[in-house]
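As a plain string of letters, each chain reads:
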Amino acid sequence: MGENKLKTIGILTSGGDAPGMNAATRAVVRAAIAQGLQVKGIMRGYKGLLDEEIFDLTADSVSGIMMNGGTLLLTARCKEFMEPEYQKKGAEICRKYGIDGMVVLGGDGSFRGAQKLAAYGINTIGIPCTIDMDITCTDYTIGYDTSCNTVMEAIDKIRDTSSSHERCTIIEVMGRDHGYIGIMAGLAGGAADVLLPETYDGNIQKLIDHVREKKERGKLPALIVNSEGIGNSAELAKMIEMATGVETRATILGHIQRGGRPTVRDRFIASMMGVKAVDLLLEGKTNRVVAYKGGDFVDYDIDEALAMQKSIDPEWIRAYDLIKK
Ligand code: ADP
Ligand code: F6P
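Undergrad: Would you mind going over the sheet that holds strand E7 (residues 193–195) with me for this structure?
TA: Strands pair in a sheet through their backbones, by hydrogen bonds, and they do so in one of two ways: parallel or antiparallel. Spatially, 4 strands are ordered E7-E8-E6-E9 in an open sheet, and the strand pairing comes out parallel. If you trace the sheet from one side to the other, it starts and ends with E7 and strand E9 (248–252), each paired once. Each neighbouring strand pair of the sheet contributes to a mean axis angle of 20 degrees, computed without reference to strand direction. As defined by bridge partners, E7 adjoins strand E8 (residues 222–227) across 3 bridges and the pair is classed as parallel. Bridge pairing links Leu195 to Asn226 in E8. Sitting on the sheet, helix H5 (residues 144–164) touches strand E6 (168–173), E8 and E9, and the angle it makes with E6 is about 165 degrees.

Undergrad: How should the packing of aromatic side chains be read in this particular structure?
TA: Think of a pair of aromatic rings as described by two things: how far the centres are apart, and how the planes are tilted against each other in angle. Taken as a whole and judged by the stated rule, the model has 4 aromatic pairs. Ring geometry for Tyr180 and Trp316: centres 6.1 Å apart, planes at 90 degrees, overall edge-to-face. Of this pair, Tyr180 sits in helix H6 (residues 180–188) while Trp316 sits in helix H11 (residues 314–323), and the two are 136 residues apart along the sequence. Tyr180 gets classed as buried once you look at its relative accessible area, which sits at 3%. Taking the centre distance of 4.8 Å and the plane angle of 40 degrees together, the rings of Tyr292 and Phe297 count as tilted.

Undergrad: Teacher, can you tell me more about the packing of H6 against H11 here?
TA: In the contact formed by H6 and H11, the axes pass within 11 Å of each other and the chain directions differ by 35 degrees. Note on packing geometry: the crossing formed by H6 with H11 is left-handed. Side by side, H6 and H11 meet where Tyr180, Ile183, Met184, Gly186 and Leu187 of the first sit next to Trp316, Ile317, Tyr320 and Ile323 of the second. Considered class by class, the residues forming the contact of H6 with H11 number 8 nonpolar, 1 polar and no charged.

Undergrad: Please explain the pairing of E8 as it appears in this structure.
TA: Regular strands place side chains that alternate from one sheet face to the opposite one. Most of E8 sits out of view: 6 of its 6 residues are buried. Each parallel crossover has a hand, and the one from E7 via helix H7 (residues 204–217) to E8 is right-handed.

Undergrad: What's the story with the site of ligand 1 in this structure? I'm lost.
TA: In the vicinity of ligand 1 there are 16 residues, among which Arg77, Cys78, Gly107, Gly109 and Ser110 approach most closely. For ligand 1, an oxygen atom lies 2.5 Å from a polar atom in the side chain of Ser110. Protein burial of ligand 1: of its 550 Å² of free accessible surface, 80% is covered by the chains. Among the residues forming the shell around ligand 1, the class breakdown is 4 nonpolar, 8 polar and 4 charged.

Undergrad: What's the story with the domain arrangement of the chain in this structure? I'm lost.
TA: It is common to report an interface's size as the accessible area lost on association of the parts. You can read the domains of the chain as domain 1 (8–143 + 262–307) and domain 2 (144–258). Averaged C-alpha coordinates put domain 1 and domain 2 at centres separated by 34 Å. Together, the buried faces of domain 1 and domain 2 total about 1200 Å²; carbon and sulfur atoms form 56% of this surface. Summed over the three residues of domain 1 that lose the most area to domain 2, namely Ile131, Asp132 and Met133, the buried surface amounts to 43% of that side. Applying the counting criterion to the domain 1 and domain 2 interface returns 1 salt bridge. Across the pair Arg258 and Asp17 runs a salt bridge whose closest N-O atoms are separated by 2.8 Å. Applying the counting criterion to the domain 1 and domain 2 interface returns 9 residue pairs in polar contact (both at pLDDT 80 or more).

Undergrad: Any chance you could explain the pattern of salt bridges here in plain terms?
TA: Between side chains of opposite charge, a pair can form when the charged atoms approach closely. Within the structure shown, the criterion is met by 17 salt bridges. A salt bridge links Lys40 to Asp56; its shortest N-O distance comes to 2.6 Å. With a gap of 16 residues between them, Lys40 in strand E2 (residues 38–42) and Asp56 in strand E3 (residues 54–57) connect regions that are remote in the sequence. Accessibility expressed as a relative area gives 15% for Lys40, which makes it buried. With a closest N to O distance of 2.7 Å, Lys96 and Glu52 form a salt bridge. Within this pair, whereas Lys96 is found in helix H3 (residues 84–96), its partner Glu52 is found in the loop between helix H2 (45–50) and E3, the two being separated by 44 residues in sequence. Under the relative-accessibility criterion, Lys96 is labelled exposed at 57%. With a relative accessible area of 28%, Glu52 lands in the partly exposed category. One salt-bridge network, held together by shared partners, links Arg167, Glu247 and Arg249.

Undergrad: What exactly am I supposed to notice about the site of ligand 2 here?
TA: Surrounding ligand 2, one finds Arg77, Thr130, Ile131, Asp132, Met174, Gly175, Arg176, Glu228, His255 and Arg258. Between ligand 2 and the protein, one listed contact pairs an oxygen atom with a side-chain N or O atom of Glu228 at 2.7 Å. If ligand 2 stood free it would expose 400 Å²; the protein chains cover 78% of that surface. Its residues assigned to classes, the shell around ligand 2 comprises 2 nonpolar, 3 polar and 5 charged.

Undergrad: Is there a simple way to think about the environment of Gly202 in this case?
TA: Turning to its location among the elements, Gly202 is positioned in the loop between E7 and H7. Residue Gly202 is classed as partly exposed on the basis of its relative accessible area of 39%. Note: C-alpha distance between Gly202 and Glu247 (45 residues apart in sequence) is 21 Å.

Rules behind the numbers
Residues numbered from 1 in each chain as written. Chains lettered and ligands numbered in written order. Predicted model: local features only at pLDDT ≥ 70, side-chain atom pairs only at ≥ 80, totals over all residues. Heavy atoms only, no water. Pairing = 2+ DSSP bridges. Helix = DSSP H or I, 4+ residues; strand = E, 2+ residues; numbered from the N terminus. Axes fitted to C-alpha atoms, helices over the stretch in contact; angles between N-to-C directions. Contact = heavy atoms within 4.5 Å. Phe/Tyr/Trp six-rings, centres within 6.5 Å; stacked < 30°, edge-to-face > 60°. Buried < 20%, exposed > 50% of the residue type's maximum accessible area, 1.4 Å probe, protein only. Left-handed = near helix turned anticlockwise from the far one by under 90°. Nonpolar A, V, L, I, M, F, W, Y, C, P; charged D, E, K, R; others polar. Right-handed = clockwise from strand over helix to strand, strands pointing away. Near = heavy atom within 4 Å. Polar contact = N/O pair within 3.5 Å; in protein donor to acceptor, adjacent residues only side chain to side chain. Areas by Shrake-Rupley, 256 points an atom, 1.4 Å probe, with all protein chains shown as cover. Domains from an automatic or database assignment. Buried area = accessible area lost by both parts, 1.4 Å probe. Salt bridge = Lys/Arg side-chain N within 4 Å of Asp/Glu carboxyl O.

Below, the structure written as structure tokens:
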């Protein structure tokens, strides 16, 4: 590691929270302090930066948070930060507080903010935290496993009541543009079908035929996972009920998917990524995002990372189609 002038780093969490953000915060703070740096916590993402909600963090400030979902530093969305005037102000505030390196925990929107801070001279590193798993450069984003487990447990519970009543249930899960939660939790929960924003062709007849066929085989319930990006679960339920005569309900899981105690996978990856982010700052790197790729913790240029296109592995979809019945 080369000589560097880094003395103080800042850390903020931004955009949608994700289980494991606290574990990553803890790792960043402790790894930085253990290597002689000072750490300042910024509350409420870029909003708190502009409002100068900045305070000193010690290794003890992050005790007892690893097992909690949400984020100790709180999070917010900040429209102002989309404008160059405020991005420049953010960088000036960092300098005022002696912050010469910044770690941003969030999704792709937050990384666009990080890009801007880097452009205004603050060495900035992003850590991918989102239940949606929609950051292309990485095989894993913090929060995804916990969220999938929550959805899988919900599917198990819905199956109990849905089988007792021999019903069909549409279970709507998060994911505006990507169906990563839907496909993994749907597969693990044994749902009969999953509708993904990536592949949905609007062919409701296929679903209706599947539900009817399950009814004829005496194999109800029919659990169908739908993605937020497709939506209209209540309407879908009505159409299926009308066409098949199978009583159908819709359950929108909502923000329950963003909370809860992070799983071991989320805590472990968050810890490793937190340490990696500090290493990158100590190496004098900026405008990078930490990634988990092929089993290794690596980093990418944020501009390149944001330009990559992500799509669900076709093998996951093939497996789903082969296994479902
Ligand atoms: P996520 O990080 O979960 O994708 P958002 O897309 O809501 O969440 O982004 C979080 C915040 O990041 C925004 O409220 C804004 O403050 C900042 N941000 C998003 N896009 C940009 C951008 N193009 N330039 C600067 N800041 C941005
Ligand atoms: O990015 C995570 C996510 O939970 C998405 O799946 C969802 O579309 C969105 O955030 C909801 O955000 P909020 O309710 O915070 O506006």
